[in-house]
Amino acid sequence: MKILLTPISYNKSIFRSFFPLLTADERSYVRKFTSFKRAYESLIARIMIKKYLGVDGIRQTKDGQPYLPDSPYYVSISHCEGYVMVAYANCKIGVDLELQQPLLEGTEYFMSSYEQKMFKQEAQQLWLIKEAYSKWRSLGFHGIDPQKIQCEKKNSHWTIQKERCFVKTEKYGELSYAFVSSQEKISKLILIEEKYL
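So, a few notes on the structure that sits alongside this text.

What counts and what doesn't
Residues numbered from 1 in each chain as written. Predicted model: local features only at pLDDT ≥ 70, side-chain atom pairs only at ≥ 80, totals over all residues. Heavy atoms only, no water. Helix = DSSP H or I, 4+ residues; strand = E, 2+ residues; numbered from the N terminus. Rg over C-alpha atoms; globule rule 2.2 N^0.38 Å. Buried < 20%, exposed > 50% of the residue type's maximum accessible area, 1.4 Å probe, protein only. Contact = heavy atoms within 4.5 Å. Areas by Shrake-Rupley, 256 points an atom, 1.4 Å probe, with all protein chains shown as cover. Lys, Arg positive; Asp, Glu negative; His and termini not counted. Charge placed at Lys NZ, Arg CZ, Asp CG, Glu CD. Salt bridge = Lys/Arg side-chain N within 4 Å of Asp/Glu carboxyl O. Arc of directions from axis to C-beta. 1 Å grid on protein atoms, 1.4 Å probe; cavity = no way out; pocket = protein on both sides within 12 Å on 5 of 7 lines; lining within 4 Å. Points joined across faces, edges and corners; volume = space filled by probe spheres on them. Nonpolar A, V, L, I, M, F, W, Y, C, P; charged D, E, K, R; others polar. Pairing = 2+ DSSP bridges. Axes fitted to C-alpha atoms, helices over the stretch in contact; angles between N-to-C directions.

1. Comments concerning the overall build of the chain
From N to C terminus, the chain includes 5 helices and 11 strands. At 17 Å, the chain has a C-alpha radius of gyration in line with the 16 Å of a compact globule built from 197 residues. C-alpha atoms of the chain, sized along the principal axes, occupy 50 × 30 × 30 Å. Across the 197 residues of the chain, 48% fall into the buried class. Residue pairs in contact within the chain that sit at least 24 positions apart in sequence constitute 60% of those at least 6 positions apart. On the chain, roughly 10400 Å² of surface is accessible, and the fraction owed to carbon and sulfur atoms is 48%. When the 29 positive and 22 negative side-chain charges of the chain are each reduced to one mean point, those points stand 3 Å apart.

Given below as structure tokens:
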């Protein structure tokens, strides 16, 4: 498993130079975004996958999850203000990335009453885990109620009830991220500068 992180600049000339490197389907997907920022993040994620996996033709499931039809790798993408993260492995994987911040409002949307009671101060970690889990399941939150993803913590290790998966949360500078995978394979975060893509 590898987890790649790139700080991004939202530079229009970089966008113009990378855009022709995408396949016709990928260009069509990136053009769907009305926000330049979201289109840029999507473009950079695809360039990262091309460069580090040597794969063309990233597709999306009907629920919007990326997959690589002609590759043995599973892939997951996340982005937040100024960063793009790509995780890939030879087993199912889901990843989520956020700027570190306390989540004190709106937690009832994704936390069960038990989680509200036990883990209120760790709401952001729970959000990251549940988002990564929904990607691992290839559903997104369209096909799953986040309150029904029951998380538990023992000795600083998170688990998801009734699932055989590996869960890990990490911090990097101002960022927090989580990944869920089918196998327990720890990977260091690999930082890639945008200019080296």
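That shown, we press on.
2. Focus: the pattern of salt bridges
A complete count under the given rule lists 10 salt bridges for this structure. The shortest N-O distance in the salt bridge between E81 and K37 comes to 2.7 Å. Here E81, found in the loop between β4 (74-80) and β5 (83-89), pairs with K37, found in helix α3 (residues 36-53); they are 44 residues apart in sequence, far enough to count as distant. What makes E81 partly exposed here is its relative accessible area of 48%. Exposure remark for K37: the relative accessible area of 36% places this residue in the partly exposed category. Of the charged contacts in the structure, one is a salt bridge between K130 and E115, with a shortest N-O distance of 2.6 Å. Of this pair, K130 sits in helix α5 (residues 123-136) while E115 sits in helix α4 (residues 113-119); the two residues are 15 residues apart in sequence, bridging distant segments of the chain. Assessed through its relative accessible area of 0%, K130 is described here as buried.

3. Structural notes on unusual backbone geometry
Phi angles above zero are rare outside glycine, and Y10 is one such case at about 55 degrees. For Y10, the location among the structural elements is in the loop between β1 (2-7) and α1 (12-18). Looking at Y10, the relative accessible area reads 16%, which means it is buried. The residue K162 is not glycine, and still its phi comes out positive at about 65 degrees. Locating K162 in the fold gives a position in the loop between β8 (157-160) and β9 (166-172).

4. Here's the deal with helix α2 (residues 24-31)
What α2 keeps buried is the set E26, Y29 and V30. Down the axis of α2, the buried side of the element spans an arc of 95 degrees, and every buried residue falls inside it. Residues of α2 that are exposed and point over 90 degrees away from its buried face: A24 and R31. In the core, the buried residues of α2 are packed alongside α1, α3 and β2 (59-60).

5. Section: the layout of surface pockets
Roughly 310 Å³ of internal volume is contained in the largest pocket. Forming the boundary of the largest pocket are 18 residues, of which R38, G64, I77, H79 and K135 lie nearest the centre. Elements with a minimum of two residues in the lining of the largest pocket: α3, β4, β6 (93-99) and α5. The residue makeup of the lining of the largest pocket, split by class, is 5 nonpolar, 6 polar and 7 charged.

6. Comments concerning the sheet that holds β6
Strands sit in the order β6-β10-β9 across an open sheet of 3 strands; the sheet is antiparallel. Each end of this open sheet is capped by a strand with a single partner; those strands are β6 and β9. Across the sheet, the mean angle from the axis of one strand to that of its neighbour is 15 degrees, orientation sign disregarded. Pairing of β6 with strand β10 (residues 175-181), which is carried by 7 bridges, proceeds in the antiparallel orientation. Bridging across to β10, V95 finds its partner in F179. Where α5 meets the sheet, its contacts fall on β6, β9 and β10, and the angle it forms with β6 comes to roughly 145 degrees.

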